[in-house]
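Descriptive analysis of the structure
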Amino acid sequence: MNNQQKSNFLTPSKLSQYEETPLMEPKENQETPLIEADCTLAAIVFTDVEGYTSKMAANQNRTLALVNRDLQLMTRICEQFKGRVVQDTGDGLFMYFSSAVNAVSCAQEIQKVIFKTAAQLPENNVLKHRIGIHLGDVAHFVGGEVKGHGVNMAARLQTAAQAGGICISQTVYDVVKNRLPLPGIYREVREVKGIEEPVTVYQIPALDIEQSTNKKVFISYRSHDPDLSLAEEFYRALKAAGHEAFMAGQSIRLGEGWPQRIEAELKQSDYLLLLLSEKSVTSEMVIEEVRRAKELRDRNSKGKPIILPIRVKFPLNSPLNYNLREYLSCIQQREWHNPEDTQNIVQEILEIVTEGRAQEETTESQKHPVAISDSQAKPLPVAIPEFPQIPEIPEGQVELASIFYVERPPIELRCYETVLQPGSLIRIKAPRQMGKTSLLARILHYAANSGFNAVPLSFQLADGKVFTDLDKFLRWFAASIARRLRLANRLDDYWDEIFGSKDNCTAYFEEYLLENIESPLVLGLDEVDCVFQYPEIAADFFGLLRAWHEDAKNRDIWKKLRLLVVHSTEVYIPISINQSPFNVGLPIELPEFNQEQVQDLAKRYGLQWEGTEVEKLMAMVGGHPYLIRLALYHIQRGDLSLDELLAIAPTEAGLYADHLRRHLWNLQQHSELAGGIKEVMNADTPVRLEALSAFKLHSMGLVYLQGNECTPRCDLYRFYLRDRLD
């Protein structure tokens with residue numbers, strides 16, 4: 001305590017002086033002299049320490065040191081918000097502001113900084129402060145003193161505040177309610193000492209982990225206008241409102257490892273603000289950010305990060321690619337058409353973030369695809385030379401009517417023949433972006449044209465909570481099939497806790513779903529890799545599929561079911577050989593395009609290539625269907641020549657930069673995979689890796705796998721990853 005503080009307290013010697021001084025004698029008709037003072041409207045703030053007296057009694061020196069630490073912090077924050085400390089009250093401050101907005105902002109910042117600091121301190125080193133604020137008339141005196149009703153009222157409100165909270169008067173609330181975020185604020189009517197009538201006050205509760213105004217927002221955007229300008233508007237508005245915003249161009253320093261930074265930011269984010277434009281929806285990095293956000297959200301008990309999609313000059317009726325469509329199928333999406341929409345949409349997002357709103361689901365009645373019937377099936381493509389198709393952006397599934405789908409004989413024909421067989425099972429396996437979903441769509445289309453019920457189901461649609469136990473998973477699975485068949489949900493009629501989950505699911509299919517359809521059911525199960533992550537569920541579920549397939553050999557009801565199972569990953573979960581569906585049925589492993597197929601595809605894009613051009617492209621990217629299509633699309637559009645593409649292909653400036661960054665991000669999340677791929681890319685001969693790592697790298701499409709020996713799939717990956725991982 002400083003000397004000035006000590007002088008403000010009555011000592012025994014001072015008290016004796018007052019006792020010796022005769023009291024003032026009252027004189028009749030004598031007027032009390034007026035005191036000259038300037039009166040003005042001001043916002044007054046008082047703070048104190050909760051439980052100060054008991055803390056002083058327990059350990060005076062320690063308490064005084066902690067109080068002094070916090071008051072110094074408050075003084076600095078007061079000055080930042082253009083306030084003035086009028087008096088140190090011992091365990092708090094009396095502060096003066098000419099602006100109510102600055103006063104409340106200062107109080108919020110004080111509580112926020114103390115709250116964040118407390119998380120890093122031992123509990124006995126933390127003090128909780130109460131803050132009261134009133135806007136009213138005060139009087140200024142010579143020497144800097146401030147007195148008046150406004151001061152008295154603020155002091156009363158301080159005693160009404162919660163520990164760690166802020167209590168403001170009606171006059172303060174009226175000024176700041178539309179100008180500042182006030183999380184959790186609520187109204188009270190209280191008795192206040194010295195005031196006859198009850199007083200209306202507003203309490204801003206103490207911060208906790210859930211209520212902290214400091215939300216973290218990850219902004220996903222494309223670095224071209226209008227996406228970039230809109231992203232910058234959001235960034236500035238969020239920062240101004242006290243939130244933490246991450247925007248790669250603004251937040252990542254030169255030389256910093258961006259994959260690690262993006263992963264860390266996504267993990268810590270409360271919200272993913274997703275700007276979707278015509279170009280960004282084809283970005284592999286955007287798709288990967290959304291996939292990773294959904295994965296994190298499913299595993300987070302609080303459902304974070306919450307995804308907020310905004311379509312930027314990209315109408316709601318414009319289709320998303322296959323993956324984004326699955327990830328965002330149930331999430332409400334907003335639209336931005338032009339700069340006139342900016343203010344309103346920024347304000348709306350600020351309100352959502354500040355209030356901490358949960359995930360908003362779409363209000364559309366039709367959220368999920370239904371069974372493909374004969375009447376709904378589109379015709380297969382017919383190439384008409386006089387009317388060539390406009391090249392489509394290479395992304396996800398190749399549309400059914402597209403002339404750019406490349407058949408890989410005899411795969412399609414064998415699948416069409418097999419799907420018509422009673423109780424058949426087809427297994428389609430290939431790395432990502434090799435055409436699995438496009439093939440699945442064509443098999444389902446063929447089945448629908450043959451009069452069957454064709455039902456697609458992607459396991460990407462399942463929320464994380466679905467995988468918490470087998471019973472919940474099988475109920476979701478059975479209900480999803482019924483919905484797509486437009487049958488009522490009758491789970492409660494067939495699910496009996498006396499029987500096991502697999503028995504209940506079997507009864508639901510046998511006695512309800514298959515019984516109530518006239519034509520066979522072809523079930524297309526896509527992205528079953530999602531189930532591999534949950535070994536306990538996977539073993540039982542895949543064992544159930546195998547049992548149904550075996551039942552079709554003996555029972556007519558199960559002959560109506562045909563199964564298509566699509567996956568990228570090698571099956572490394574432990575399943576009995578007699579219970580696995582992955583060693584029966586028709587196995588299909590999609591190969592890369594050969595030179596003849598690439599030459600034919602180039603011709604469909606209108607490129608008159610000779611063998612030399614095809615050889616040069618395949619020397620860089622092999623026969624990878626997606627990488628081939630991406631090159632042909634941009635060359636046909638005149639964006640660059642083949643030589644220009646090849647010169648910078650394995651660099652951050654090349655056409656494949658987005659694709660390569662996605663792979664690098666995934667690898668750096670798994671150190672064992674990064675180490676394995678580095679060894680493969682630097683070797684001149686095949687490298688033998690641990691089996692699980694080899695399987696995963698092969699399923700990612702980065703290596704060829706023969707036994708456990710790996711070689712790079714193409715020079716594009718070899719050059720890029722060798723450079724980036726060194």
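Remember, it's a predicted structure, so these values are computed and weren't measured experimentally.

1. Points about the pairing of strand 14 (residues 425–429)
Burial analysis of strand 14 places 5 of its 5 residues in the buried class, which makes it a mostly covered element. Every second residue of strand 14 is oriented toward a common face, with Leu425, Arg427 and Lys429 on one face and Ile426 and Ile428 on the other, all of them buried. Where strand 14 lies against strand 18 (residues 586–589), 4 bridges are found, and the strand directions are parallel. Opposite Ile428, over in strand 18, you have Ile588 as the bridge partner.

2. Re the confidence of the model for the protein chain
Low pLDDT marks stretches whose predicted atomic positions should not be read closely. Mean pLDDT over the protein chain stands at 86; residues scoring 70 or higher make up 88%. With pLDDT under 50 throughout, residues 373–388 is counted as low confidence; its partners more than four residues away or in other chains account for 22 contacts.

3. Focus: the side chain of Ser501
On the secondary structure map, Ser501 appears in helix 18 (residues 501–513). One polar contact links Ser501 to Asp471, side chain to side chain, over a distance of 2.8 Å. Sequence-distant contacts of Ser501, defined by excluding residues within four places in its chain, comprise Leu470, Asp471, Leu474 and Trp495.

4. A look at unusual backbone geometry
Glycine aside, a negative phi is what most residues show, and trans is what most peptide bonds show. Cis geometry is found at the peptide bond from Asp225 to Pro226, where omega equals 5°. Among the secondary structure elements, Pro226 is positioned in the loop between strand 9 (216–220) and helix 8 (227–240). Look at the link from Lys304 to Pro305: it is a cis peptide, with omega at 0°. If you trace the backbone, Pro305 turns up in the loop between helix 11 (284–299) and strand 12 (306–312). Of note, Lys82 is a non-glycine position whose phi angle comes to about 60°, a positive value. A positive phi is found at Glu527, a non-glycine position, where the angle reads about 55°.

5. Concerning the nonpolar core
Nonpolar side chains in soluble globular proteins generally cluster together in the buried interior. Grouped together as the largest cluster of nonpolar side chains are 75 residues, with contacts concentrated most on Leu328, Leu617, Tyr656, Leu716 and Leu721. Per element, the largest residue contribution to this core is 8 residues, and it comes from helix 24 (residues 625–636). Ile481, Val528, Leu561 and Val565 belong to the second-largest nonpolar core, a separate cluster that totals 49 residues.

6. Notes on the pattern of salt bridges
Taken as a whole and assessed by the stated rule, the structure comprises 33 salt bridges. Measuring nitrogen to oxygen at the nearest pair gives 3.6 Å for the salt bridge that ties Glu233 to Arg236. Here Glu233 and its partner Arg236 are both found in helix 8, 3 residues apart, which amounts to about one turn of the helix. Notably, a salt bridge pairs Arg475 with Asp492, separated by 3.5 Å at the nearest N-O pair. Here Arg475 is found in helix 16 (residues 470–484), whereas its partner Asp492 is found in helix 17 (residues 491–494), with 17 residues between them in sequence. For Arg475, a relative accessible area of 25% puts it in the partly exposed group. By relative accessible area, which is 65% here, Asp492 ends up exposed. Connected through salt bridges with shared partners, the residues Glu263, Lys267, Glu288, Arg291, Arg292, Glu295 and Arg432 form a single ionic network.

How each quantity is defined
- Residues numbered from 1 in each chain as written.
- Predicted model: local features only at pLDDT ≥ 70, side-chain atom pairs only at ≥ 80, totals over all residues.
- Heavy atoms only, no water.
- Buried < 20%, exposed > 50% of the residue type's maximum accessible area, 1.4 Å probe, protein only.
- Helix = DSSP H or I, 4+ residues; strand = E, 2+ residues; numbered from the N terminus.
- Pairing = 2+ DSSP bridges.
- pLDDT = per-residue confidence, 0-100.
- Contact = heavy atoms within 4.5 Å.
- Polar contact = N/O pair within 3.5 Å; in protein donor to acceptor, adjacent residues only side chain to side chain.
- Core = buried A, V, L, I, M, F, W, Y, C linked by side-chain atoms within 4.5 Å.
- Salt bridge = Lys/Arg side-chain N within 4 Å of Asp/Glu carboxyl O.

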